[in-house]
Amino acid sequence: MKILRTIPEIRAAAVVAARTSHRTVGLVPTMGAFHEGHLSLMREARKNNDLVVVSLFVNPTQFAANEDLSTYPRDEARDAALAEAEGVDILFAPEPAEIYPDGFATTVHVAGITEVLDGASRGIHHFDGVATVVTKLFGIVRPDVAYFGQKDAQQMLVVRRVVHDLNLDVRIESCPIVREPDGLAMSSRNVYLDPDARAQATALSRALDAAHARHDAGERDAAAIRAAAIAVLEEAGITPEYLELRDAETLAPVATTERDTLIAVAARVGAARLIDNHTLRGEA
Ligand code: PAF
């Protein structure tokens, strides 16, 4: 596996080489601190492409000033070994100045779906940062397919919107959430959890399971389903930043779960801010 740091290097290795020999390029965009969720994306990319590129870039523009940019877990040597073991061909690990050189002045802003859930909770800069860096990575690597985890369900919708609206020639593949045996969604930020917070954090997936169970039992009233999830969080002493049911495609608020509905939660547990979600399948 090659580790490349500059745009000319990755262009030569991925774009030119793959295009001239008609090989498909799969891209897994990441911020590193790999866990099974990342590795599952790499495996999917490996299965379906000739050349697999993983980007490792802790993107400063998607963090607010009060967030964890400086403490975000970083261990490139460990990440590189894990990526190599998954058969990744290229790890693209640029410095911030390579991605945002002096004079950089362009932002990709998606309206509407970025204004709720994590956009409301973290601030509008968050999805502007994600949309901008992902658009740049697509321009730099020019992948045929890019792989994202469903844990960041809103991010997935934002990326799909960018690709559609800007006519980008890349297919977006969504991969299922990977969970610990007790249900906790895997996240690079789980390392912030001390043992008590780690135990408390299981309430997020249990809350979503409770909502799911109500839906499966025939309940269609969004407020009643939400109440079942909130009760689990309250019992665990967690006050969420948000726990909302929204249309799974448009993120509009819903009164019922007749159509596919995303139930998404964000909460601070100990030193970590965690997110999780389920999709409740509607009949419509
Ligand atoms: O999901 C992430 O790790 C990041 O938001 C992404 C897509 C790599 C952009 O920085």
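Report on the accompanying structure. (Residues numbered from 1 in each chain as written. Predicted model: local features only at pLDDT ≥ 70, side-chain atom pairs only at ≥ 80, totals over all residues. Heavy atoms only, no water.)

In the vicinity of the ligand, the residues found are Pro-29, Thr-30, Met-31, Asn-59, Gln-62, Val-133, Phe-148, Asp-152 and Gln-155. Gln-62 is positioned such that a nitrogen or oxygen atom in its side chain is 2.6 Å from an oxygen atom of the ligand. Interatomic distance of 2.7 Å between a side-chain N/O atom of Gln-155 and an oxygen atom of the ligand. By residue class, the composition of the shell around the ligand is 4 nonpolar, 4 polar and 1 charged. (Near = heavy atom within 4 Å. Polar contact = N/O pair within 3.5 Å; in protein donor to acceptor, adjacent residues only side chain to side chain. Nonpolar A, V, L, I, M, F, W, Y, C, P; charged D, E, K, R; others polar.)

A separate point is unusual backbone geometry. Its identity as a non-glycine residue notwithstanding, Leu-117 has a phi of 45°, on the positive side. Its location among the elements puts Leu-117 in the loop between α4 (96–99) and α5 (118–122). (Helix = DSSP H or I, 4+ residues; strand = E, 2+ residues; numbered from the N terminus.)

The relative placement of two packed helices comes down to the angle between their axes together with the axis-to-axis distance. Between helix α8 (residues 195–216) and helix α9 (residues 222–235), whose axes approach to 8 Å, the crossing angle comes to 150°. What the angle tells us is that α8 and α9 run roughly antiparallel. Crossing hand, α8 versus α9: right-handed. When α8 is examined against α9, the residues Ala-203, Leu-204, Arg-206, Ala-207, Ala-210, Ala-211, Arg-214 and His-215 are found in contact with a partner set consisting of Ala-224, Ile-225, Ala-228, Ala-229, Val-232 and Leu-233. Residue composition of the contact of α8 with α9, grouped by class: 11 nonpolar, 1 polar and 2 charged. (Axes fitted to C-alpha atoms, helices over the stretch in contact; angles between N-to-C directions. Parallel < 35°, antiparallel > 145°, perpendicular 65-115°, else oblique. Left-handed = near helix turned anticlockwise from the far one by under 90°. Contact = heavy atoms within 4.5 Å.)

A word on the nonpolar core. Ranked by size, the top nonpolar core spans 46 residues in total, and within it Ile-10, Val-53, Phe-138 and Ile-172 carry the most contacts. For this core, the elements supplying multiple residues, two or more each, are α1 (7–20), β2 (25–30), β3 (51–56), β4 (90–92), α6 (125–141), β5 (145–149), α7 (153–165) and β8 (261–269). Here this core gets 9 residues from one element, more than from any other, and that element is α6. Residues contacting Ile-172, with those up to four places away along its chain left out, are Phe-138, Ala-146, Phe-148, Met-156, Val-159, Arg-160 and Val-163. Of all hydrophobic cores here, the second largest spans 25 residues; its members include Ala-197, Ile-263, Leu-274 and Leu-280. (Core = buried A, V, L, I, M, F, W, Y, C linked by side-chain atoms within 4.5 Å. Buried < 20%, exposed > 50% of the residue type's maximum accessible area, 1.4 Å probe, protein only.)

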